[in-house]
Amino acid sequence: MRTIRVRLTLTYTALFLLTSAVLLVSVNLSLHHRLTVETRPRAPVAPLPPGPPPAPEPGALIAREVVTYQWEAAGVAIVVMAVVSLAVGWFFAGRMLRPVHRITATARRLSLSNLHERIALAGPRDELRELADTFDEMLARLERSVEGQRRFIATASHELRTPLAVQRAAIEIGLPDDVGPIKGKLLAANRRSERLIDALLVLAQAEHGLDAPAVVDLDEVVRFAVAELDHGDVTVTTRTEPCEVLGDRTLLHRLVTNLADNAVRHNVPGGTAAITLAGGTLRVVNTGPVVPPERFGDLFAPFRRIGTTRTQGAGLGLSIAAAIAGAHGASVQASPHPGGGLELVVDFAEFRNGQNSGK
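Novice: So what's going on with the sheet that holds strand 4 (residues 272-278)? Residues and values would help.
Specialist: Spatial strand order, 2-4-5-7-6: 5 strands in an open sheet with mixed pairing. Each edge of the sheet is formed by a strand with only one pairing partner; in this case those strands are strand 2 (235-240) and strand 6 (332-336). Across this sheet, the average inter-strand angle for adjacent strands is 10 degrees, counted without regard to direction. Where strand 5 (residues 281-286) and strand 7 (residues 342-347) come together, 5 bridges link them in antiparallel fashion. Looking at strand 7, one finds that Leu282 is bridged to Val346. Of the strands in this sheet, strand 2, strand 4 and strand 5 are in contact with helix 5 (residues 218-227), which crosses strand 2 at around 165 degrees.

Printed below as a string of structure tokens:
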């Protein structure tokens, strides 16, 4: 692949060699012409006597040897200068592109959780410095926008949950038990609204990245999440290995809970669900209805539901799981399970804090 550094090196070398070649050829031609004029035989004053022509003068022979040697030396010099110019051009092209590499590395490293970082390029105020300063200004604007959205999420969390809590208390306390199924329906609708708002807030939080990631024992999180799960008539098996992940414990717990809950809720009566954590990979496999291949794209889309034999939710469970995985540098991959159901895989292998600990 021809990178900018390679192209700059070749350009520098070509220009240097062209200039050097023109200079050497001009000098050699000038020297040849000068020696030819200086060693040209002079016309004899008297006619030459009959006989063989006189031998060339020693000066002419020396001039020819000098010109031949000069051309050979010029060829060797061009070859040496080509090698030297390639090395020097490669070095200085790297020096010139060093700020570009710094900008690229910063852009790759940035996410919503570390928008406070800046390139802060030093040196003369040239085009590269102007590019780095423009990038820093863009990061500052993004950081202000993200902070504003986080404040909005925190405010919305309080403003939306408080009225629902008041409504639930009013329904439970204010309505008598003899009003029939109305009280139960109101409470069910209230709880569904609370779960929906909570899911939306978690989704927004996950999509905005991690504020303060820490080392989390993922195997412990998996065991706790499965222990809290309502299995119903589904047989759930769990197998975990010690694994540490750099991230947010609450969000990771929600990730495991959503995947496990999805495996139980979207199952068949008397089905099975297997949850495995090994080698930094979380795998959730369940039995269930066959998911059409054309619907796999809808699994992680918010509010998109695929009909099953069990109760459906708001269609945010896998969307939240995918957002949380993305905030931790991973992704959720889905594939059909033979005979029906899904196999959901979250690979943390490349984003773990270190090797599996031997707890």
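The structure having been displayed, the exposition proceeds.
Novice: Give me the lowdown on a nonpolar patch on the surface, citing residues and values where you can.
Specialist: Together, Val76, Val80, Val84, Val88, Phe91 and Phe92 make up an exposed nonpolar region whose accessible area comes to about 530 Å². With a relative accessible area of 39%, Val88 lands in the partly exposed category.

Novice: Describe the nonpolar core, and please don't skip the residues or the numbers.
Specialist: Counting residues in hydrophobic clusters, the biggest one holds 41 residues, and the most contacted among them are Leu218, Val222, Leu259, Ile275, Leu282, Val346 and Phe348. The element that contributes the greatest number of residues to this core is helix 6 (residues 249-265), accounting for 8 residues. Non-local contacts of Val346, meaning those with residues more than four positions away in its chain, are made with Leu259, Gly280, Thr281, Leu282, Ala325, Ala330, Ser331 and Val332. Listed in part, the 9 residues of the second largest apolar core include Leu110, Leu121, Ala132 and Phe135.

Novice: A description of the pattern of salt bridges should follow, citing residues and the corresponding values.
Specialist: Enumeration over the complete set of coordinates arrives at 5 salt bridges. Residue Glu220 pairs with Arg249 through a salt bridge whose shortest N-O separation is 2.7 Å. Taken together, the residues span a long stretch of sequence, with Glu220 in helix 5 and Arg249 in helix 6 at a distance of 29 residues. Taking the relative accessible area as the measure of exposure, Glu220 reaches 25% and is therefore partly exposed. The salt bridge partner of Arg283 is Glu343, with a shortest N-O separation of 2.8 Å. Here Arg283, found in strand 5, pairs with Glu343, found in strand 7; they are 60 residues apart in sequence, far enough to count as distant. Note on Arg283: relative accessible area 33%, which makes it partly exposed.

Novice: An account of the packing of helix 6 against helix 7 (residues 317-327) is requested, with residue identities and associated values reported.
Specialist: In contact at an axis separation of 9 Å, helix 6 and helix 7 are set at 145 degrees when each is read in the N-to-C sense. At the point where helix 6 passes helix 7, the crossing takes the left-handed sense. Two secondary-structure elements touch here, helix 6 through Leu251, Leu252, Arg254, Leu255, Asn258, Leu259 and Asn262 and helix 7 through Gly317, Leu318, Ile320, Ala321 and Ile324. Looking at the contact of helix 6 with helix 7 residue by residue, the classes come out as 8 nonpolar, 3 polar and 1 charged.

Calculation notes
Residues numbered from 1 in each chain as written. Predicted model: local features only at pLDDT ≥ 70, side-chain atom pairs only at ≥ 80, totals over all residues. Heavy atoms only, no water. Pairing = 2+ DSSP bridges. Helix = DSSP H or I, 4+ residues; strand = E, 2+ residues; numbered from the N terminus. Axes fitted to C-alpha atoms, helices over the stretch in contact; angles between N-to-C directions. Contact = heavy atoms within 4.5 Å. Patch = residues over 30% accessible without salt bridge, like charges linked within 9 Å, V, L, I, M, F, W, Y side chains within 5 Å. Areas by Shrake-Rupley, 256 points an atom, 1.4 Å probe, with all protein chains shown as cover. Salt bridge = Lys/Arg side-chain N within 4 Å of Asp/Glu carboxyl O. Buried < 20%, exposed > 50% of the residue type's maximum accessible area, 1.4 Å probe, protein only. Core = buried A, V, L, I, M, F, W, Y, C linked by side-chain atoms within 4.5 Å. Left-handed = near helix turned anticlockwise from the far one by under 90°. Nonpolar A, V, L, I, M, F, W, Y, C, P; charged D, E, K, R; others polar.

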